[in-house]
Amino acid sequence: MSTVIKNGTIVTADLTYTADIKIEGETIVEIGPNLSGDTVLDASGCYVMPGGIDPHVHLEMPFMGTYSSDDFESGTRAALAGGTTMVVDFCLPSPNQSLLEALSMWDNKSGRAHCDYSYHMAITWWSEQVFDEMETVVKEKGINTFKHFMAYKGALMVQDDEMYASFQRCAELGAMPLVHAENGDVVADLSAKLLAAGNNGPEGHAYSRPPQVEGEATNRAIMIADMAGVPLYVVHTSCEESHEAIRRARQQGKRVYGEPLIQHLTLDESEYFDKDWDHAARRVMSPPFRNKAHQDSLWAGLQSGSLQVVATDHCAFTTEQKRTGVGDFTKIPNGTGGLEDRMPMLWTYGVATGRLTMNEFVAVTSTNIAKILNVYPKKGAILVGADADIVVWDPEKGKTISAKSQQSAIDYNVFEGKHVKGLPRYTLTRGRVAVEDGVIQPKEGHGQFVPREPFQAVNKALSKWKELTAPRKVERSGIPASGV
Ligand code: DUC
Ligand code: ZN
Ligand code: ZN
Ligand code: ZN
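Residues numbered from 1 in each chain as written. Chains lettered and ligands numbered in written order. Predicted model: local features only at pLDDT ≥ 70, side-chain atom pairs only at ≥ 80, totals over all residues. Heavy atoms only, no water.

In the nomenclature of an unreviewed UniProt entry, the protein chain is known as D-hydantoinase/dihydropyrimidinase of Pelagibacterium halotolerans. A UniProt comment under Cofactor (unreviewed entry) is attached to the protein chain, and it reads "Zn(2+)". Listed under Function (unreviewed entry) in UniProt, the entry text for the protein chain is "Catalyzes the hydrolysis of dihydropyrimidines and of the structurally related DL-5-mono-substituted hydantoins, to produce N-carbamoyl-D-amino acids." (UniProt positions renumbered as here; feature names shortened; annotations may be inferred.)

### Some thoughts on the UniProt feature "modified residue: N6-carboxylysine" (unreviewed entry) in the protein chain
Feature annotation in UniProt assigns "modified residue: N6-carboxylysine" (unreviewed entry) to the following positions: Lys 147. The class for Lys 147 is buried, based on a relative accessible area of 1%. Apart from the residues within four sequence positions on either side, Lys 147 is in contact with His 56, His 58, Phe 90, Met 121, Ala 122, Ile 123, Leu 178, Val 179, His 180 and Val 235. (Buried < 20%, exposed > 50% of the residue type's maximum accessible area, 1.4 Å probe, protein only. Contact = heavy atoms within 4.5 Å.)

### Focus on helix H4 (residues 160-173)
The terminal C-alpha atoms of H4, which comprises 14 residues, lie 20 Å apart, in line with the 20 Å expected from a rise of 1.5 Å per residue. Listed as buried for H4 are Met 163, Ser 166, Phe 167, Arg 169, Cys 170, Ala 171 and Leu 173. Turning to H4, the residues buried within the fold contact helix H3 (128-139), strand S13 (145-149), strand S14 (176-180), helix H7 (211-228) and strand S15 (232-234). (Helix = DSSP H or I, 4+ residues; strand = E, 2+ residues; numbered from the N terminus. Expected span 1.5 Å × (residues − 1).)

### A few points about the coordination of the zinc ion (ligand 4)
For the zinc ion (ligand 4), the protein coordination sphere consists of His 56 (NE2), His 58 (NE2) and Asp 313 (OD), at 1.9 to 2.1 Å. Of note, the donors binding the zinc ion (ligand 4) are all from one chain and are spaced H-x1-H-x254-D. In this structure, the zinc ion (ligand 4) is positioned 3.5 Å from the zinc ion (ligand 2). Taken together, the residues span a long stretch of sequence, with His 58 in the loop between strand S8 (52-57) and strand S9 (62-63) and Asp 313 in the loop between helix H11 (292-304) and helix H12 (319-322) at a distance of 255 residues. For the pair formed by His 58 and Asp 313, the shared burial category is buried. (Donors = N, O, S within 2.8 Å, 3.2 Å for Na, K, Ca; no water.)

### A few points about the sheet that holds strand S1 (residues 2-6)
Pairing is mixed across the open sheet formed by 4 strands, whose spatial order is S5-S4-S1-S6. Of all the strands in the sheet, the pair left with one neighbour each is strand S5 (27-32) and strand S6 (39-42). When strand polarity is set aside, the average angle formed by the axes of neighbouring strands in this sheet is 20°. Where S1 meets strand S4 (residues 20-24), 4 bridges bridge the pair, whose relative direction is antiparallel. Bridge pairing in S4 links Thr 3 to Ile 23. (Pairing = 2+ DSSP bridges. Axes fitted to C-alpha atoms, helices over the stretch in contact; angles between N-to-C directions.)

### Focus on the sheet that holds strand S16 (residues 256-258)
The strand order S8-S11-S12-S13-S14-S15-S16 describes an open sheet built from 7 strands, whose pairing is parallel. With one partner strand each, in any of the chains shown, S8 and S16 form the two edges of the open sheet. Sheet twist, expressed as the average angle between the axes of neighbouring strands with direction ignored, equals 25°. Of the pairings in the sheet, the one linking S13 to S14 comprises 5 bridges and is parallel in character. Opposite Phe 149, over in S14, you have His 180 as the bridge partner. Those strands touched by H4 are S13, S14 and S15, and its axis lies near 150° from that of S14.

### A few points about the site of ligand 1
Surveying the vicinity of ligand 1 reveals the residues His 58, Phe 63, Tyr 152, His 180, His 236, Met 285, Ser 286, Asp 313, Cys 315, Asn 334 and Gly 335. Here a nitrogen atom of ligand 1 sits 3.5 Å away from a polar atom, N or O, in the side chain of Asp 313. Among the residues forming the shell around ligand 1, the class breakdown is 4 nonpolar, 6 polar and 1 charged. (Near = heavy atom within 4 Å. Polar contact = N/O pair within 3.5 Å; in protein donor to acceptor, adjacent residues only side chain to side chain. Nonpolar A, V, L, I, M, F, W, Y, C, P; charged D, E, K, R; others polar.)

Structure below.
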């Protein structure tokens, strides 16, 4: 059985051209004019692009005393509805838990996925056991990325010595560290001071996490990565301070990547000063939304290439869950949704406004991520032999975003009321049509784990730090006698 996508304009990260695409089973087998097949999908008036990859989601994640409310079922259904065909979740071992045991818990949850997925492994504690298990995770489990939380003091936060040790281990194994870059000590101190002063509303969350805490941590992680001899991926880059550090590192030849979220690109800090508590608390996430100057910096980074990827950090909590934090903003579960809306929002606010070209859109929603995570060209490509993860994008199809019609399990949407233009006509996940004429055709369990090989060349792109600071043995005569 073959499927042909006809009459569309193919848009990849570097080309725009007219051709049909033929799919057999799960794979693209031919690209060219006048193809025929058993099933024909009409892409007239549409752009045919690699399906989106969201490299940063938290599905059914245990966090802040609860679980994020979208699981692999609703989360991947939301992904497909918005044109995303692969997600990367975070496997989060609890303190003292074996990485491999945590992984088997994640495998139990992900079996319901509608689209393909992978995991980043979080380093939430440090020991010889973790050091040893990292090798199995990389060599046998197909995971080449390790996440480090520099914030969430007393819970997920790693210390600098642990981070340095883990980064060196990543270097040995051909893995890449990721960081949630916020200075957790400063956040804890600012939070305590705000609460003591009676500032306990959701806006306190934003005051407790100014751009400086992110800039400091990003700089620190970049320097530690350089000393460990490993590249670095900075998740949810939200401000100029962090972007500036990434930009400078890249200019120096360091392999450092930055990932703005669609939320930070399109929503600003005024959301926290809305008069009702629920509105603000629903938008509490870390890092918090910033002002317009920071947003401009993020857009500029995508345009110039100093930032490479747009993600969501999808971590959805209901209003009821958010209300755990009434009277104490530090107890509001951190996280917002966005999986279904990332691609339409970025198209509307990026491509339709002229900030991004269509090719840049494909790069930052799919191809760059596939390359950075080492799954290209199986994912992120329209090429013969690639997985048929494809979105047929109708630039004329619009809607007003509303919680009433979303796939996500929560009761609100942070983009509520925003009008988007540009939506999937078809979304294909490994050849299966999961969105048809805009209507979702879900199939639980269709999604498969995508293993990711260790990186080959990553440890070569370092600064000259090691050479420049290599210890020199100094021969001395005249050593003073002790006690002099
Ligand atoms: N930030 C959030 O807002 N939620 C999940 C974890 C994180 O770092
Ligand atoms: Zn984070
Ligand atoms: Zn409101
Ligand atoms: Zn996250």
